[in-house]
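The primary structure of each chain is shown beneath.
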Amino acid sequence: MNKTIKKLLVETAVLAAVFLTDIASKYLVFHLFDSGSVSVIDGIFSIECVHNYGASFGLFEGNKTLLIVLTFVECAIFAFVLLWRPNTPHVFRFSMLLILGGAIGNLFDRLVFGFVRDFICYDFLYTIFGINFAVGNVADIYLVLGVFVLIIYIFFGYKEGDFSKSKGTLLGGRYAR
């Protein structure tokens, strides 16, 4: 099997795992804890089912169409980068997969339910710092983790030529050997 195709299959599996763990967690939590708040570790972490009609921190609340369009555009750009430059560094690709999978998970919710299902309350931020933080979900964790990995890559792993055309493309052209 072609090395590029094998890499694409592995990355598709990673993307599917990110998406499915998000969707499964939302399904389980919203079926087990349909109302109220449940403290998992008092003052640290709790579960509360919330319907989020906006983006992070309630931004763009009530603008479902805009959020769907923006997420589609983001997903298309990330997928294009992953497909067009299959020989970019693994850390960069992994960060893109985490971000893409998280975005697809929240997009799925918006398309199917009209809102994003959030349930993770970060109580320790209020307990320790007095910050009343937004409620999130597993997709949000993947998004933040993906951005964090990308920042680490940019500052500590990026090398000149990581994205050069000589690296090859999946959609055509020569592949680097």
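Residues numbered from 1 in each chain as written. Predicted model: local features only at pLDDT ≥ 70, side-chain atom pairs only at ≥ 80, totals over all residues. Heavy atoms only, no water.

A.B. asks: What should I look at first to understand the side chain of Thr88 in this one?
C.D. replies: By secondary structure assignment, the location of Thr88 is in the loop between helix H2 (64–84) and helix H3 (90–113). Its relative accessible area of 3% is what places Thr88 among the buried residues. Side-chain polar atoms of Thr88 contact the backbone oxygen of Arg85, separated by 3.1 Å. A distance of 3.1 Å separates the side chain of Thr88 from the side chain of Arg93, its partner in a polar contact. Excluding residues within four positions of it along the chain, Thr88 makes contact with Lys7, Arg93, Asp162 and Phe163. (Helix = DSSP H or I, 4+ residues; strand = E, 2+ residues; numbered from the N terminus. Buried < 20%, exposed > 50% of the residue type's maximum accessible area, 1.4 Å probe, protein only. Polar contact = N/O pair within 3.5 Å; in protein donor to acceptor, adjacent residues only side chain to side chain. Contact = heavy atoms within 4.5 Å.)

A.B. asks: Got a minute to help me understand the environment of His31 in this structure?
C.D. replies: For His31, the location among the structural elements is in helix H1 (residues 3–32). From its side chain, His31 meets the backbone oxygen of Tyr27 in a polar contact 2.8 Å long.

A.B. asks: For this particular structure, what's the right way to read a nonpolar patch on the surface?
C.D. replies: Among the surface-exposed residues, Leu145, Val147, Phe148, Ile151, Ile152, Ile154, Phe155 and Phe156 lie close enough to one another that they form a single nonpolar patch of about 830 Å² accessible area. By the element assignment, Phe155 lies in helix H5 (residues 138–157). With a relative accessible area of 63%, Phe155 lands in the exposed category. (Patch = residues over 30% accessible without salt bridge, like charges linked within 9 Å, V, L, I, M, F, W, Y side chains within 5 Å. Areas by Shrake-Rupley, 256 points an atom, 1.4 Å probe, with all protein chains shown as cover. Salt bridge = Lys/Arg side-chain N within 4 Å of Asp/Glu carboxyl O.)

A.B. asks: Can you help me understand the environment of Gly36 in this one?
C.D. replies: Structurally, Gly36 is set in the loop between H1 and strand E1 (37–41). Exposure remark for Gly36: the relative accessible area of 47% places this residue in the partly exposed category. The spatial distance from the C-alpha of Gly36 to the C-alpha of Ile47 is 8.4 Å, given a sequence separation of eleven residues. With residues near it in sequence (within four places) discarded, Gly36 still touches Ile47, Glu48 and Cys49.

A.B. asks: Sorry if this is basic, but what is going on with H2 here?
C.D. replies: Given a rise of 1.5 Å per residue, 21 residues ought to cover 30 Å, and the 30 Å separating the end C-alpha atoms of H2 matches this to within 8%. Of the residues making up H2, those classed as buried are Leu67, Ile68, Thr71, Cys75, Phe78 and Leu82. End-on view of H2: buried residues confined to an arc of 105°, all on one side of the axis. Tucked into the core, H2 has its buried residues touching H3. (Expected span 1.5 Å × (residues − 1). Arc of directions from axis to C-beta.)

A.B. asks: What is the right way to read the confidence of the model for the protein chain from this model?
C.D. replies: Interpretation of the predicted coordinates at a detailed level should be avoided for regions scoring low in pLDDT. Within the protein chain, residue pLDDT values average 87, and 92% of them lie at 70 or more. Across the protein chain, H3 holds the top mean pLDDT of 96, while helix H4 (residues 123–129) sits lowest at 83. (pLDDT = per-residue confidence, 0-100.)

A.B. asks: Sorry if this is basic, but what is going on with the packing of H1 against H5 here?
C.D. replies: The description of two helices packed together rests on the angle between their axes and the distance between the axes. Two numbers describe how H1 lies on H5: the axes approach to 8 Å, and their chain directions differ by 145°. Packed against H1, whose contacting residues are Val18, Thr21, Asp22, Ser25 and Lys26, the element H5 presents Val138, Ala139 and Tyr142 at the interface. (Axes fitted to C-alpha atoms, helices over the stretch in contact; angles between N-to-C directions.)

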